[in-house]
Amino acid sequence: VYLTDTGDAPVNDLFLNQTGTSTPPFAIPGLAHQNAAAPAAFSWGTAFADFDNDGDLDLFVAGNSNLPNFVFENVTQSGTVQFIERTGTALVPDAFQSRTACLLDFDDDGLMDILALRIQGTQQTCGPGQPYFEPALYRNLSTSGNGFLKVKLIGDATSGQTVGGQTYYSTRDALNARIYLHYASANSSRDQMREVIRYGSSGGSSHTLVQHFGLKSQAAVAAIEVCWPSGLAVTYTNPTAGSGGLFAANSTVTIDET
């Protein structure tokens, strides 16, 4: 979990999920907490996404105060967590400050883009010195050539699952569903996971509900496992791909719970 801070002495922190242990915020090499030239700076919206489709999650942080937007590339290797700042690259070429950030593939090219609410100065409409915002769309121009898979879920809001006398339903947007990719076979280990998170998850904005997976050089996925909010858990193979049942890279898969 990456938490941005707006306190008197703000520091953004990354907490690593280490099951069975309780650890303080984890200092990640290369993941700058704040601008050394602006120690009182703080941040707002933030989001993890695989911007280069290499199979791990990178990080975008919408800056505020004296802190600009930042992009950090995940270069974790052999279990050592590490991020490298990539601000000023083709994805976020400027140093503007922003308040919110939402992720989407607006041009459907398989690369995650960023829509940010960028601070453009001040204006008088809402009071003297209040910030003036305008939307800014950052198009991802990555040339990595890595593959991707997008998964869209449609929940069944009418046929629930009954457990202990209580019936649970999914929403049509399948909020809180978990999606697991299995590369080798339906019975192999889980290789990647995404959760369909709630609205308003990044500084008052919402990301696309279509889940994006970078596949790097993986040509296909053997199975997609979905744990629906209703409690139903199903592992899907592709019925149109012949006996192999594979989901090809560079495609979008729609799965209906019904």
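Below or above, wherever it landed, is the structure these notes cover. (Residues numbered from 1 in each chain as written. Predicted model: local features only at pLDDT ≥ 70, side-chain atom pairs only at ≥ 80, totals over all residues. Heavy atoms only, no water.)

**Structural notes on the sheet that holds strand β3 (residues 43-49)**
Working step 1: Within the open sheet, the 4 strands sit side by side as β3-β4-β5-β6. Their pairing is antiparallel. Edge strands, defined here as strands with exactly one partner in the open sheet, are β3 and β6 (83-85). Each strand axis lies, on average, 20° off the axis of its neighbour in the sheet, ignoring direction. (Pairing = 2+ DSSP bridges. Helix = DSSP H or I, 4+ residues; strand = E, 2+ residues; numbered from the N terminus. Axes fitted to C-alpha atoms, helices over the stretch in contact; angles between N-to-C directions.)

**Overview of the layout of surface pockets**
Working step 1: The space that makes up the largest pocket amounts to roughly 1600 Å³.
Working step 2: Taken together, 42 residues form the lining of the largest pocket, with F48, L57, M193, R194 and I197 sitting closest to its centre.
Working step 3: Counting only elements with at least two residues in the lining of the largest pocket, the list comes to β3, β13 (178-182), β14 (192-195) and β15 (211-216).
Working step 4: Taken together, the residues of the lining of the largest pocket break down into 17 nonpolar, 17 polar and 8 charged. (1 Å grid on protein atoms, 1.4 Å probe; cavity = no way out; pocket = protein on both sides within 12 Å on 5 of 7 lines; lining within 4 Å. Points joined across faces, edges and corners; volume = space filled by probe spheres on them. Nonpolar A, V, L, I, M, F, W, Y, C, P; charged D, E, K, R; others polar.)

**So, the side chain of S170**
Working step 1: The topology assignment puts S170 in the loop between β12 (166-168) and β13.
Working step 2: There is a polar contact of 3.1 Å between the side chain of S170 and the backbone nitrogen of S230.
Working step 3: Of note is the side chain of S170, whose polar atom sits 2.9 Å from the side chain of E257.
Working step 4: Filtering out sequence-adjacent residues up to four positions away, S170 remains in contact with G155, D156, A157, W228, P229, S230 and E257. (Polar contact = N/O pair within 3.5 Å; in protein donor to acceptor, adjacent residues only side chain to side chain. Contact = heavy atoms within 4.5 Å.)

**Section: the nonpolar core**
Inside soluble globular proteins, nonpolar side chains tend to come together where they are buried.
Working step 1: L149, V151, L153, I224 and I255 are the most contacted members of the largest nonpolar core, which totals 20 residues.
Working step 2: The set of elements that each furnish at least two residues to this core consists of β10 (147-154), β13, β15, β17 (223-227) and β20 (251-256).
Working step 3: Ranked by residue count, the leading element in this core is β10, at 3 residues.
Working step 4: Those residues in contact with I224 that sit more than four places away from it in its chain are L149, V151, I179, Y180, L181, V234, T235, Y236, F247, V253 and I255.
Working step 5: Counting residues in each nonpolar core, the second largest holds 13 residues, with A49, F60, A62 and A136 among its members. (Core = buried A, V, L, I, M, F, W, Y, C linked by side-chain atoms within 4.5 Å. Buried < 20%, exposed > 50% of the residue type's maximum accessible area, 1.4 Å probe, protein only.)

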